[in-house]
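Structural overview for review
If you want the building blocks of each chain, they are given just below.
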Amino acid sequence: MDQWNADLYKTKHNFVFEYGNSLIEWLNPQPGESILDLGCGTGELTAQLAETGANVTGIDGSPKMISSAKAHFPNVNFAVADATNFELHQQFDGIFSNATLHWVREKEKAIERMYAHLRQNGRLVLEMGGKGNVNSILRELEYVMQQKGYTYQPFWYFPSPGEYATLLEKAGFTVEKILYFERPTKLADPETGISTWLEMFGDHFFAQVPEKDKQEILQQVQEEVGPALTREGNLYADYVRLRVVAVKK
Ligand code: BEZ
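Now for a description of the structure that goes with this document. Per chain, the residues get numbers from 1 upward, laid out in the order the sequence is written. Where totals are concerned, whole chains, interfaces and linings use all residues; where local detail is concerned, this predicted model gives features only for residues with pLDDT of at least 70, and gives and counts side-chain atom pairs only at 80 or more. Remark: hydrogens and water are excluded; side-chain values derive from all non-hydrogen atoms of the structure.

Nearness is judged by heavy atoms alone; a residue qualifies as near a molecule or strand once a single heavy atom is within 4 Å of it. Around the ligand, the structure places Ala99, His102, Trp103, Asn133, Trp156, Phe158, Trp197, Phe201, Tyr239 and Arg241. Between an oxygen atom of the ligand and a side-chain N or O atom of Asn133, the distance comes to 2.7 Å. Take Arg241: an N or O atom from its side chain is 2.7 Å from an oxygen atom of the ligand. Using a 1.4 Å probe, the Shrake-Rupley method yields the accessible areas, and only the shown protein chains count as cover for residues. Burial of the ligand by the protein chains amounts to 98% of its free accessible area of 260 Å². Any residue that is not Ala, Val, Leu, Ile, Met, Phe, Trp, Tyr, Cys, Pro, Asp, Glu, Lys or Arg is counted as polar, Gly included; the first ten are nonpolar and the last four charged. Taken together, the residues that form the shell around the ligand break down as seven nonpolar, two polar and one charged. Polar contact is the term for a pair of N or O atoms within 3.5 Å; when the atoms are in protein, one must be able to donate a hydrogen and the other to accept it, and sequence-neighboring residues count only if both atoms are side-chain atoms.

Right, here's the structure in full:
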């Protein structure tokens, strides 16, 4: 099932690609280089990568995201493909991935596919949620769901630097740079930011929850966590990032 709402993603959750700009600097794409954007979403960063003169392909598992990307950036290559089993019959100079790999639970498969799609000395530059990402929101969600008699199932993969570096090394990568840091991320509306964020990204938590209970849970999480995450009238999700540069030697 394709759960994504590409319009909502572009308008209310544009921080996902706005923060990705500085990751492009880490990749430093050169004109004529071949670059794969893994998990390109609605394609904003893919288009920015293409503006450098690199030959860029964006892939995403969501047909809705890819159709939005194609409509907005008709001159860029996009394709629907799954991070765990993609086969593009090409090796790239660089692979770029922003805010995607925490969705991929079969992480070893994604790492194997990325390795296979890099040429010798090609580089992987990625950012994902790191250990402890959005912890205060998820701990409260777990507490409220359990209070109401529902099971909370962890979903995302937020690794520590050591854990992810080990997986990359096992697959053959040389990890050249790794950075683990807190990056409070401003949400659109202080009154509803957390519940809107959970509705956009966390629908899987509510698969067994009737709509009325879901709305009560969202409101309670917003009320309990909101004040602690608010500074000078703005609400910030407690994002923790993991950034990596790894090379196929
Ligand atoms: C993140 O970028 O950290 C993230 C985004 C959506 C859901 C979970 C994590």
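Okay, the pairing of strand β3 (residues 77-80) next. Regular strands have side chains that alternate between both faces of the sheet. For strand β2 (residues 55-60) and β3, the ladder comprises four bridges, and the chain directions are parallel. Note on β3: the bridge partner recorded for Thr57 is Asn77. Look down the strands so they point away from you; if the path from the first strand over the helix to the second goes clockwise, the crossover is right-handed. Helix and strand assignments come from DSSP, with helices taken as H or I runs of at least 4 residues and strands as E runs of at least 2, each series counted from the N terminus. Crossover connection from β2 via helix α5 (residues 63-72) to parallel β3: handedness right-handed. Paired strands are those between which DSSP finds at least two bridges.

What follows concerns unusual backbone geometry. With a phi close to 55 degrees, His89 is a non-glycine residue in the positive phi region. Examined against the element boundaries, His89 turns out to sit in the loop between β3 and β4 (92-98). Even without being a glycine, Ala99 presents a positive backbone phi close to 55 degrees. Looking at the secondary structure, you find Ala99 in the loop between β4 and α6 (107-116). What makes Ala99 buried here is its relative accessible area of 17%. The buried label goes to any residue with under 20% of its type's maximum accessible area, the exposed label to any with over 50%, and the partly exposed label to all in between, with areas taken from a 1.4 Å probe on protein chains only.

Quick look at the pattern of salt bridges now. What makes a salt bridge here is a side-chain nitrogen of Lys or Arg within 4 Å of a carboxyl oxygen of Asp or Glu, nothing more. Applying the stated criterion across every chain, the model contains 14 salt bridges. For Arg119, the salt bridge identified is with Asp93, shortest N-O distance 2.6 Å. Here Arg119 is found in strand β5 (residues 118-129), whereas its partner Asp93 is found in strand β4, with 26 residues between them in sequence. The exposure class of Asp93 is buried, given its relative accessible area of 15%. Salt-bridge contacts for Glu127 lead to Arg243; the nearest nitrogen and oxygen are separated by 2.6 Å. Separated by 116 residues along the polypeptide, Glu127 in strand β5 and Arg243 in strand β10 (residues 240-247) bring together distant segments of the chain. Grouping residues by exposure puts Glu127 and Arg243 together as buried. Beyond isolated ion pairs, a larger network of salt bridges with shared partners links Glu127, Arg183, Arg241 and Arg243.

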